[in-house]
Amino acid sequence: MILHMQHLRTGYGDRPIVEVEELTIEEGKIVSLIGENGCGKSTFLRALVGILPYEGRIQMQNGCELSCLSTKERARRISYLPQHLLAPEMDVSQLLAHGRYARGGDLLHGRRAKKGLFLQGMKEFVGEFASHLQDEDKQIMAKASAMTGIDALQNTLLRKLSGGERQLAYLAMTIAQDADLLLLDEPATYMDIRHRLRLGQILQALKAEGKTVFMTTHDVAEGFSISDEMIVMQEGHFMIRGSPEYLCKEKELLRKILGISIMKDSSKEAVFQYKLSR
């Protein structure tokens, strides 16, 4: 168990959008959360990463309550890839360096990062931190870069990348954070089919290292094909969860919630192991 929650309620202001009675996320698994637009998938992830406050309990594997952890300590345990990515005035290598900040101490001479500095695209701040990375940091960054296939983009500004390339660069930063739990909100956004297939390989490699991946996706067939467990959300509630094989048997429930069902694809030419059906 890497994360356990009970009686979770979260949302915006006084209006709860997500209510989860209980959920345990097991270590070393790939879990996909699916559901229609606006059902609360991204809101759920934002609560787990600390962007949104929550009621209830979210405990890490050592019993720590998530809300009691500092921002940096939480970042050491959980890395987060949001759905909407910015393009601050920095290159890919500096973005990767930002992924190592939670593992380092305060910035030079005791300086601390001002709130929102990274989001404002402060190239000088990140560049200064990058110049003081340790050998271990550089090795982890190089590994994340190689895993995502972005070695050739290291000196390219983020604003000059295609949408799919930027997605891979941010994924590399998320991996370089070296957290045990990765929260990925629509990680395949903007990716062409070649990069989406690579994404599946990346996630399997992370799983082989003992990492846990919890992601949202709108590509149901792809999610079923690469995940150990699926969760279906409707109007802020988890309606059903289980292995892809188990959910395949719940055709009527899937049709009611998603408008489609899913089935195994036994064709040797199939890109994914599962395909949508009526």
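I will try to describe carefully the structure that is included in this document. Numbering of residues begins from 1 in every chain and follows the order in which that chain's sequence is written. Thresholds applied to this predicted model are a pLDDT of at least 70 for local features of residues and 80 or more for the giving and counting of side-chain atom pairs; totals over whole chains, interfaces and linings are not thresholded and use all residues. As a rule here, side-chain values come from all non-hydrogen atoms in the structure, and water together with hydrogens is ignored.

1. Quick notes on helix 6 (residues 163-176)
For helices the rule is a DSSP run of H or I covering at least 4 residues; for strands it is a run of E covering at least 2, with both sets numbered from the N terminus onward. A helix is expected to reach a length of 1.5 Å times the quantity of its residues less one. Its 14 residues give helix 6 an end-to-end C-alpha distance of 20 Å, which sits within 8% of 20 Å, the value for a rise of 1.5 Å per residue. Only protein chains enter the area calculation, which uses a 1.4 Å probe; residues under 20% of their type maximum are buried, those over 50% are exposed, and those in between are partly exposed. Turning to helix 6, its buried residues are G164, R166, Q167, L168, A169, Y170, L171, A172, M173, T174, I175 and A176. D178 sits one or two residues past helix 6 and shows a positive phi near 60°.

2. Concerning the pattern of salt bridges
Each reported salt bridge corresponds to a side-chain nitrogen of Lys or Arg within 4 Å of a carboxyl oxygen of Asp or Glu. If you walk through the whole model with that rule in mind, you get 14 salt bridges. Two residues, R9 and E55, come together in a salt bridge whose shortest N-O distance is 3.4 Å. Placement of R9 in strand 1 (residues 3-12) and of E55 in strand 4 (residues 54-60) is noted, with a sequence separation of 46 residues between them. Between D178 and K211 there is a salt bridge, with its nearest N and O atoms 2.9 Å apart. One end of the pair, D178, is in the loop between helix 6 and strand 6 (181-185); the other, K211, is in the loop between helix 7 (193-208) and strand 7 (212-216), with 33 residues separating them in the sequence. The class of D178 is partly exposed, set by a relative accessible area of 29%. Salt bridges sharing partners connect three or more residues here, namely R9, E19 and E55.

3. Description of the sheet that holds strand 4
Here, any two strands with at least 2 DSSP bridges between them count as paired. In spatial order, the strands read 2-1-4; together these 3 strands make up an open sheet with antiparallel pairing. On the outer flanks of this sheet lie strand 2 (15-25) and strand 4, each paired with one strand and no other. Averaged over all pairs of adjacent strands, the angle between their axes in this sheet comes to 20°, without regard to strand direction. Relative to strand 2, strand 1 runs antiparallel, the two sharing 9 bridges. Its bridge partner being in strand 2, Q6 is matched across the sheet by E22. Running over the sheet, helix 1 (residues 41-49) touches strand 1, strand 2 and strand 4 and is turned about 115° from strand 1. Fitted lines through C-alpha atoms give the axes, limited to the stretch in contact for helices. The angle between two N-to-C directions lies from 0 to 180 degrees. We call two residues in contact when some of their heavy atoms are within 4.5 Å.

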